[in-house]
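# Remarks on the overall topology
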Amino acid sequence: MLRKKSLWIFTIVSCCAIYAGIPVIWLVARPNESTGELLMVASVLLAVSLVMIRIGRVRVEIHDGGLRLVGVLGRDWIPWGAYLLVETDGELVVRARGERSYAVSAFSGSLIEEMLKARGRSRNVRAGEAIRAAARSAPAEARRDRDVVSKSWELIPADLLLAQVPVCLALTQSGIVPM
């Protein structure tokens, strides 16, 4: 599995800060603010944590049969039979048959990546080398499959964090929870 550890660590730290901050905000601001306003602030913070979780899950998985590119919203399966090459100029791009190209959001270009590349420590180059090595050592039966499978939207358990937004909105607009 290939991912940027800094992004993954940032996601964990930010989500923990949000989850720890919600009760603190609730306890500190409770006497001065209405319950409905605090409920909406907590709802927005939970929605922000969902965005952070989706950003932190991006990665490239190398399997015997091909590559699985996990993005923010979905995933793509590129079997070794459809794989053509990987480019590491700025960002990591996987090229597949049919002139399809997949920019891997886990390894997008950045100023930090350019500085690392100048020093010979580029994460994108190392990830590209790992993908090339896996493609060279792929078994013959894995090279027969040429069908790329893409899921544009994938439901993950963290998506349940969005269920609280309409509930909180309904509670505050109906007057059950005072604004």
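None of the values given here were measured: they were computed from a predicted structure.

Let us now look at the sheet that holds strand S2 (residues 66-70). The sheet built from 4 strands is open, its strands ordered S1-S2-S3-S7 with antiparallel pairing. Sheet topology places strand S1 (59-62) and strand S7 (149-151) at the edges, where each strand pairs with a single neighbour. Ignoring strand direction, the axes of neighbouring strands in this sheet form an average angle of 10°. In the sheet, strand S3 (residues 75-79) pairs with S7 via 3 bridges, with the strands oriented antiparallel. Looking across to S7, one finds that Arg 75 is bridged to Lys 151.

Here we come to the nonpolar core. Side chains that are nonpolar tend, in soluble globular proteins, to be buried together. The biggest cluster of nonpolar side chains holds 24 residues, and the ones touching the most others in it are Leu 67, Ile 78, Trp 80, Tyr 83 and Ile 131. Elements with a minimum of two residues in this core: S2, strand S4 (83-87), strand S5 (93-96) and helix H4 (123-136). Per element, the largest residue contribution to this core is 4 residues, and it comes from H4. Discounting residues that sit within four places of it in the chain, Ile 131 has contacts with Leu 2, Val 60, Ile 62, Leu 67, Trp 80, Tyr 83, Val 86 and Leu 92.

The next point concerns the packing of aromatic side chains. For the structure shown, the criterion picks out 1 aromatic pair. Over the aromatic face of Trp 153 sits the side chain of Arg 54, whose NZ or CZ is 4.5 Å from the ring centroid.

What counts and how
- Residues numbered from 1 in each chain as written.
- Predicted model: local features only at pLDDT ≥ 70, side-chain atom pairs only at ≥ 80, totals over all residues.
- Heavy atoms only, no water.
- Pairing = 2+ DSSP bridges.
- Helix = DSSP H or I, 4+ residues; strand = E, 2+ residues; numbered from the N terminus.
- Axes fitted to C-alpha atoms, helices over the stretch in contact; angles between N-to-C directions.
- Core = buried A, V, L, I, M, F, W, Y, C linked by side-chain atoms within 4.5 Å.
- Buried < 20%, exposed > 50% of the residue type's maximum accessible area, 1.4 Å probe, protein only.
- Contact = heavy atoms within 4.5 Å.
- Phe/Tyr/Trp six-rings, centres within 6.5 Å; stacked < 30°, edge-to-face > 60°.
- Lys NZ or Arg CZ within 6 Å of the ring centre and 35° of its normal.

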